[in-house]
Amino acid sequence: MNKAVFLDRDGVINRMIFNNERKEYEPPFKKEDLELYDGIIESLKKLQNNGFILFVISNQPDYAKGKASLESLAEVQDELQKIFIKNGIRFSEYYYCYHHPDGTVPEYSVKCECRKPGNYFVKKAITGYDINKDDSWLIGDRDKDVECGIKPV
Ligand SMILES: [Mg+2]
Ligand SMILES: [Zn+2]
């Protein structure tokens, strides 16, 4: 069986960006704004070298909320993946939830199972990649992440 580390993205791998108009921190919506935390590459390498397989599990509700286009979210994801590949880091999957229960884009404004603290993606990975949950970790920066990580699977 495999052991895994599930990582939240914004505030864990990359910095949040302060939006001056909205006066709030938000995820990067263009590749120029993607700024990885110091040491994240080295840390991920260590995990990888110690036999952990890596996953991103991230809530990305800003399309549903009308704040970002799906193209811009894809641009940031492409850039992130490029950086990891360049540095020899392999993520087995990038799991993104684009939903939000109170969004403004109807098709995405639903109460879904994949939005953290829901653990739909954790369960999917555990089944799909034969992961031993007792040897695995979830790293996040919000209560929703913690709640997701401790939820029974
Ligand atoms: Mg976060
Ligand atoms: Zn979702």
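Structure: see above.
Please read all numbers here as calculations on a predicted model, not as lab measurements.

Let us now look at the pattern of salt bridges. Per the stated rule, a full pass over the model turns up 9 salt bridges. Salt-bridge contacts for K67 lead to E24; the nearest nitrogen and oxygen are separated by 2.7 Å. Residue K67 is found in the loop between β4 (52–59) and α2 (70–86), and its partner E24 is found in strand β3 (residues 24–26); the two are separated by 43 residues along the sequence. On the basis of relative accessible area, K67 is assigned to the partly exposed category, the value being 27%. Its relative accessible area of 28% is what places E24 among the partly exposed residues. Here K30 makes a salt bridge to D33, at a shortest N to O gap of 3.4 Å.

Attention shifts here to the coordination of the zinc ion (ligand 2). Every protein donor of the zinc ion (ligand 2) is accounted for by C97 (SG), H99 (ND1), C112 (SG) and C114 (SG), and the metal-donor separations fall at 2.0 to 2.3 Å. Every donor counted, the 4 donor atoms about the zinc ion (ligand 2) form angles of 99 to 117° at the centre, which fits tetrahedral coordination. Each donor residue of the zinc ion (ligand 2) belongs to the same chain, with the gaps between them written as C-x1-H-x12-C-x1-C. Taken together, the positions of C97 in strand β5 (residues 91–97) and C114 in the loop between β5 and α3 (120–128) put the pair 17 residues apart, joining distant regions of the chain. Summarising the burial analysis for this pair, C97 and C114 share the class buried.

Before going further, it helps to examine the nonpolar core. Core analysis: the biggest nonpolar cluster contains 20 residues, and L7, I13, L36, L44, L80, F84 and F91 have the highest contact counts within it. With 4 residues, α2 is the single largest residue contributor to this core. Ranked by size, the runner-up nonpolar core spans 13 residues in total, among them A4, F55, I57 and I131.

This brings us to the environment of V122. Topologically, V122 is positioned in helix α3. Residue V122 is classed as buried on the basis of its relative accessible area, which comes to 8%. Note: C-alpha distance between V122 and F6 (116 residues apart in sequence) is 7.8 Å. When neighbours within four sequence positions are excluded, V122 is seen to be in contact with F6, I57, L138, C148 and V153.

Parameters at a glance
Residues numbered from 1 in each chain as written. Chains lettered and ligands numbered in written order. Predicted model: local features only at pLDDT ≥ 70, side-chain atom pairs only at ≥ 80, totals over all residues. Heavy atoms only, no water. Salt bridge = Lys/Arg side-chain N within 4 Å of Asp/Glu carboxyl O. Helix = DSSP H or I, 4+ residues; strand = E, 2+ residues; numbered from the N terminus. Buried < 20%, exposed > 50% of the residue type's maximum accessible area, 1.4 Å probe, protein only. Donors = N, O, S within 2.8 Å, 3.2 Å for Na, K, Ca; no water. Tetrahedral: all angles 85-135°; square planar, octahedral: opposite > 155°, others 65-115°. Core = buried A, V, L, I, M, F, W, Y, C linked by side-chain atoms within 4.5 Å. Contact = heavy atoms within 4.5 Å.

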